[in-house]
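Residue-level structural notes
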2 protein chains.
Amino acid sequence: MNAVTFELKKECSRTKARRGQLKTPHGVIETPVFMPVGTAATIKAMRPEEVKESGACIILSNTYHLYLRPGHEIVREAGGLHKFMNWDRAILTDSGGYQVFSLGDLRKITEEGVTFRSHIDGSTHIFTPEKSIEVQNALGSDIIMAFDECAPYPADKAYVKQSMERTARWLARCKKAHRNTEEQSLFGIMQGGMYPDLRRQSAEEIVEMDLPGYAVGGLSVGEPKELMYEVMDHCLDCLPNNKPRYLMGVGSPDCLLEGVERGIDMFDCVLPTRIARNGMAMTSHGRVSIKNAKYERDFNALDPECSCYTCRNYSRAYLRHLFKANEILSSMLLSNHNLHFLVNMMGKIRNAIEEDRFLEYKKEFYLKYGKF
Amino acid sequence: MNAVTFELKKECSRTKARRGQLKTPHGVIETPVFMPVGTAATIKAMRPEEVKESGACIILSNTYHLYLRPGHEIVREAGGLHKFMNWDRAILTDSGGYQVFSLGDLRKITEEGVTFRSHIDGSTHIFTPEKSIEVQNALGSDIIMAFDECAPYPADKAYVKQSMERTARWLARCKKAHRNTEEQSLFGIMQGGMYPDLRRQSAEEIVEMDLPGYAVGGLSVGEPKELMYEVMDHCLDCLPNNKPRYLMGVGSPDCLLEGVERGIDMFDCVLPTRIARNGMAMTSHGRVSIKNAKYERDFNALDPECSCYTCRNYSRAYLRHLFKANEILSSMLLSNHNLHFLVNMMGKIRNAIEEDRFLEYKKEFYLKYGKF
């Protein structure tokens, strides 16, 4: 029995959009779902209770960051990541693969794993599939991710093929190294760059491992959105219908809609909290840059259609003032709103799928939200 | 009838400590009281609901800062400072005097007022007693402060005398300029530096104005603490018993105890939130610098005797991790704790006065808290 199981509840009649349920040791998650990112064991500028209030049932945290600081052994001693950070709902951890590959000159890849230098203090470390799983087992997240290589974009086919095949070999090592199958479930990651035949090969290799879930990696890495959607279509055709599909690192409203339409069940992205710290809000009428002079005397709510704490209690004029005065409350209030916005958008998407009017919802959303 | 009234409830039999009640248009405040500082219309890194949860019934906000940004007319249009910042309890605003005098080379004093350059954009402004009151009337705070000059330390007697006498003339102009006596009460400020006879003269001049409250200004400006306490004794002997006495800008635990013992009813200080952002916590066993390596694997609460949100839900190891990772949640959680600590300390002081055991409380506190 896997720690995490998936049940498909309903499929859209005109698209590949689907409603499902993901059962985890820390609660049931309705899908499609957006997972806020808490890189360093905190969703930036938010208390866990606020994150819950937004409706979020699962968050993502980063293995690379927690391994370096505070160290996974400390998190283990604290009783695991849930207890350490005061979050009793589900957690997914990535494998650290994406982060160490992003280090560029600071890392070196071999069949064994990746040697890298810490971005914090320059110290040298090695991540192998076994090490990544060991760290994730120490963290105790409900869903752990395979250690993969996310090939850059653009990359030539020979490189992508070699990298993708190594990712498949690494997945077998991850599965073997996983020590806590009763409480944590390992998801595999499909790679293959922008090459449909490599995506198919990757899918076949990882699906053979019979895992409780599969992720689409290597997208949203710099390619045009049209290409991303095209590749996504290929990817999803190769994945089994009865397992959850997770599109990694994607979370803008348009990408959520396009991903859901193609059959994605899970998304994660730093977007809502990161843009909040830069004074940007997502609202039902499009993006708002709160520092704009036109909000100086605007005493309306940030999003008049929103019911979040920020919109119930503060005006655009006040939010603009906080941002310009560089006040921490600015990041707190905008993060709260943006997370509420995206999590609630996913709720509306789920309702629309249940009522078989996903395409209508998508059209209405684009009409109101405007250009991206 | 004044907007703010004071009632003396009980006096300590062995010290000058006193229990009172301050009635304001935004609630009743039990004294002695500590007022958290929300310089730019926000208690840094805290939601107003958290500030309330700490027990705080009145906060201080800064006229100089709000005049420059967002501008007092915007706050007026928003419906006043309470509504603008979502705080429905009492607010005291300072006069901006202390801030403009602190600008050093950027300001020039005449009998009319103070010409100064903004620390934000270098633009030139003038604060007069009339202007300060106009701004505070626009903000709508429950208690507004007279525009005074806070003489530096050290300063020669001739300068302090001249400055103190001008402060008294400015007070008369403030009283005359005050337009909203039904909803806002003007407090006078005693000056006179470290000179007992000047303090007496200042007290006589301001008490003659028959105001609803008086502040002791010009202390904690760099003088040794022993001298501050000595001068404070003189100051309080000159003030009427039936009016609240406010010691401006003071709020470390030892100063609160020494101030209460001498008959102070109100305090304000940025200390709890400022040191929180630097990773410092006040606990019942003394100060804790959370970045200290000894807390790396310390899974106990920050202050085992504290019942605040932070101490109920997080460990020292987690707080240390957040601080070292430069996470906003670090400032949020430590600010919450420090404010809770000081506000609750004042509650214990009030209980001790009611039970006529203030000196015993003070002794116990020092024994546990240790050196300052």
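Up top is the structure.
Reference entry: report on the structure contained in this document. (Residues numbered from 1 in each chain as written. Chains lettered and ligands numbered in written order. Predicted model: local features only at pLDDT ≥ 70, side-chain atom pairs only at ≥ 80, totals over all residues. Heavy atoms only, no water.)

Before going further, it helps to examine the overall build of chain A. From N to C terminus, chain A includes 15 helices and 16 strands. Taking 2.2 N^0.38 as the reference for a compact globule, 372 residues should give roughly 21 Å; the C-alpha atoms of chain A span a radius of gyration of 20 Å, in line with that estimate. Referenced to the eigenvectors of the C-alpha coordinate spread, the extents of chain A come out at roughly 60 × 50 × 40 Å. For chain A, the proportion of its 372 residues judged to be buried stands at 62%. Total accessible area computed for chain A in this model is approximately 14000 Å², and 48% of it derives from carbon and sulfur atoms. Across chain A, the centroid of the 49 positively charged side chains sits 4 Å from that of the 48 negatively charged ones. (Helix = DSSP H or I, 4+ residues; strand = E, 2+ residues; numbered from the N terminus. Rg over C-alpha atoms; globule rule 2.2 N^0.38 Å. Buried < 20%, exposed > 50% of the residue type's maximum accessible area, 1.4 Å probe, protein only. Areas by Shrake-Rupley, 256 points an atom, 1.4 Å probe, with all protein chains shown as cover. Lys, Arg positive; Asp, Glu negative; His and termini not counted. Charge placed at Lys NZ, Arg CZ, Asp CG, Glu CD.)

According to the stated counting rule, one finds 28 aromatic pairs over all chains in the structure shown. Ring plane angle 15 degrees and centroid distance 5.0 Å describe the contact between A:F365 and A:Y369, whose orientation is recorded as stacked. Residue A:F365 and its partner A:Y369 are both found in helix α15 (residues 358–369); the two are separated by four residues, about one turn of the helix. A single burial state applies to A:F365 and to A:Y369, both of which are buried. Seen in terms of ring centroids, B:F341 and B:Y369 are 6.1 Å apart; in terms of plane orientation they differ by 35 degrees. Their pairing is tilted. With B:F341 in helix α14 (residues 328–354) and B:Y369 in helix α15 (residues 358–369), this residue pair connects regions lying 28 residues apart in the sequence. Judged by relative accessible area, which is 10%, B:F341 ranks as buried. On the basis of relative accessibility, which here comes to 5%, the residue B:Y369 falls in the buried class. Taken together, the ring pairs in this structure connect A:Y64, A:Y67, A:F101, A:F116, A:F127, A:F147 and A:W170 into an aromatic cluster. Positioned above the aromatic ring of B:Y309, the side-chain terminus of A:R47 is 3.7 Å from the ring centre. (Phe/Tyr/Trp six-rings, centres within 6.5 Å; stacked < 30°, edge-to-face > 60°. Lys NZ or Arg CZ within 6 Å of the ring centre and 35° of its normal.)

This brings us to the pattern of salt bridges. All names here are of chain B. On inspection of all chains with the given rule, the structure shows 56 salt bridges over all chains. Of the charged contacts in the structure, one is a salt bridge between K161 and E165, with a shortest N-O distance of 2.9 Å. Remark: E165 and K161 occur in helix α7 (residues 157–177); sequence separation between them is four residues, near one turn of the helix. Here D254 ties to K225 by a salt bridge, and the two come within 2.6 Å at their closest N and O atoms. Remark: K225 occurs in helix α9 (residues 225–237) and D254 occurs in helix α10 (residues 253–261); sequence separation between them is 29 residues. Judged by relative accessible area, K225 falls into the partly exposed class, the value being 33%. (Salt bridge = Lys/Arg side-chain N within 4 Å of Asp/Glu carboxyl O.)

Turning our eyes to something else, we now look at the relation of the copies chain A and chain B. Both copies of the chain are related through a single rotation about an axis accompanied by a shift along the same axis. With an RMSD of 0.0 Å, chain A superimposes on chain B once it is rotated by 180 degrees and translated 0.0 Å along the axis. The superposition of one copy onto the other is thereby described by a two-fold rotation axis. Considering only C-alpha atoms, the residue of chain A closest to the rotation axis is A:I328, which sits at 3.7 Å. (Least-squares fit on C-alpha atoms with pLDDT ≥ 70 in both.)

Bringing the packing of helix α13 (residues 316–324) of chain A against helix α14 (residues 328–354) of chain A into the picture now. Residues and elements named next belong to chain A. Running from N to C, α13 and α14 cross one another at 130 degrees; their axes reach a closest spacing of 7 Å. In terms of orientation, α13 lies oblique with respect to α14. Handedness of the crossing formed by α13 with α14: left-handed. Note on element contacts: α14 touches α13 through L329, S330, L333 and L334, opposite Y318, L319, L322 and F323. Grouping the amino acids of the contact of α13 with α14 by side-chain chemistry returns seven nonpolar, one polar and no charged. (Axes fitted to C-alpha atoms, helices over the stretch in contact; angles between N-to-C directions. Parallel < 35°, antiparallel > 145°, perpendicular 65-115°, else oblique. Left-handed = near helix turned anticlockwise from the far one by under 90°. Contact = heavy atoms within 4.5 Å. Nonpolar A, V, L, I, M, F, W, Y, C, P; charged D, E, K, R; others polar.)

Moving on to the side chain of A:D148. Residues and elements named next belong to chain A. Position of D148 among the secondary structure elements: in the loop between β10 (143–145) and α7 (157–177). Here D148 occupies a buried position and makes no salt bridge, while the nearest side chain of opposite charge, R199, is found at 8.4 Å. A distance of 2.7 Å separates polar atoms of two side chains, one belonging to D148 and the other to Q191. The residues touching D148, leaving out its near neighbours within four places in the chain, are S95, G97, F101, T167, W170, I189 and Q191. (Polar contact = N/O pair within 3.5 Å; in protein donor to acceptor, adjacent residues only side chain to side chain.)

For the rest of this paragraph, the subject is the interface of chain A and chain B. At the interface, 39 residues of chain A touch 39 residues of chain B. Between chain A and chain B lies a buried interface of about 3500 Å² when both sides are counted; carbon and sulfur atoms form 58% of it. Across the chain A-chain B interface, the total number found is six salt bridges. The closest approach of N and O atoms between A:E77 and B:R297, which form a salt bridge, is 3.0 Å. Looking at the side of chain A that touches chain B, the elements with two or more residues in it are α1 (48–53), α3 (72–77), α4 (81–85), α12 (309–313), α13 and α14 of chain A. Each residue belonging to the side of chain A that touches chain B can be placed in one class, and the counts come to 21 nonpolar, six polar and 12 charged. (Buried area = accessible area lost by both parts, 1.4 Å probe.)

Another point: the sheet that holds strand β12 (residues 214–216) of chain B. Residues and elements named next belong to chain B. Spatially, the eight strands line up as an open sheet ordered β4-β14-β13-β12-β11-β10-β6-β5, and their pairing is parallel. Each of the sheet's edge strands pairs with one partner strand only, and the pair in question is β4 (33–36) and β5 (58–61). Taken over all neighbouring pairs, the strand axes of this sheet differ in orientation by 25 degrees on average, direction set aside. Bridge analysis of strand β10 (residues 143–145) against strand β11 (residues 185–190) gives three bridges, and the strand direction is parallel. In the sheet register, M145 faces β11, and the bridge partner there is F187. The strands that helix α8 (residues 196–207) touches are β11 and β12; relative to β11, the one it contacts most, it runs at about 160 degrees. Each of β4 and β14 (266–269) touches α14; the most contacted strand, β4, lies at about 165 degrees to it. (Pairing = 2+ DSSP bridges.)

With that settled, consider the packing of α14(A) against α15(A). Residue and element names in this part refer to chain A. As a packed pair, α14 and α15 sit with axes 8 Å apart at the nearest point and diverge in direction by 145 degrees. On α15, the residues touching F341, M345, K348, I349, A352 and I353 of α14 are F358, Y361, F365 and Y369. Taken together, the residues of the contact of α14 with α15 sort by class into nine nonpolar, no polar and one charged.

This brings us to the side chain of A:S335. Residues and elements named next belong to chain A. Along the polypeptide, S335 turns up in helix α14. Accessibility expressed as a relative area gives 0% for S335, which makes it buried. A distance of 2.7 Å separates a polar atom in the side chain of S335 from the backbone oxygen of S331. Ignoring anything within four residues of it in the chain, the contact list for S335 reads K44, A45, M46, T273 and A276.

This part covers the pairing of strand β3 (residues 27–31) of chain A. Residues and elements named next belong to chain A. With five bridges joining them, strand β2 (residues 18–24) and β3 adopt antiparallel strand pairing. The partner of Q21 across the bridge, within β3, is E30. Linkage of β2 to β3, two consecutive antiparallel strands, is achieved through a turn of two residues.

This part takes up the environment of A:M228. With respect to the helices, strands and loops of the structure, A:M228 is situated in helix α9 (residues 225–237). The spatial distance from the C-alpha of A:M228 to the C-alpha of A:T115 is 30 Å, given a sequence separation of 113 residues.

Further remarks concern the sheet that holds strand β9 (residues 124–127) of chain A. All names here are of chain A. On the basis of which strands lie adjacent, the open sheet formed by three strands has the order β7-β8-β9 and antiparallel pairing. On the outer flanks of this sheet lie β7 (107–109) and β9, each paired with one strand and no other. When the angles between neighbouring strand axes are averaged without regard to direction, this sheet yields 15 degrees. Pairing analysis gives three bridges linking β7 to strand β8 (residues 114–117), with the strands arranged antiparallel. Its bridge partner being in β8, R107 is matched across the sheet by F116.

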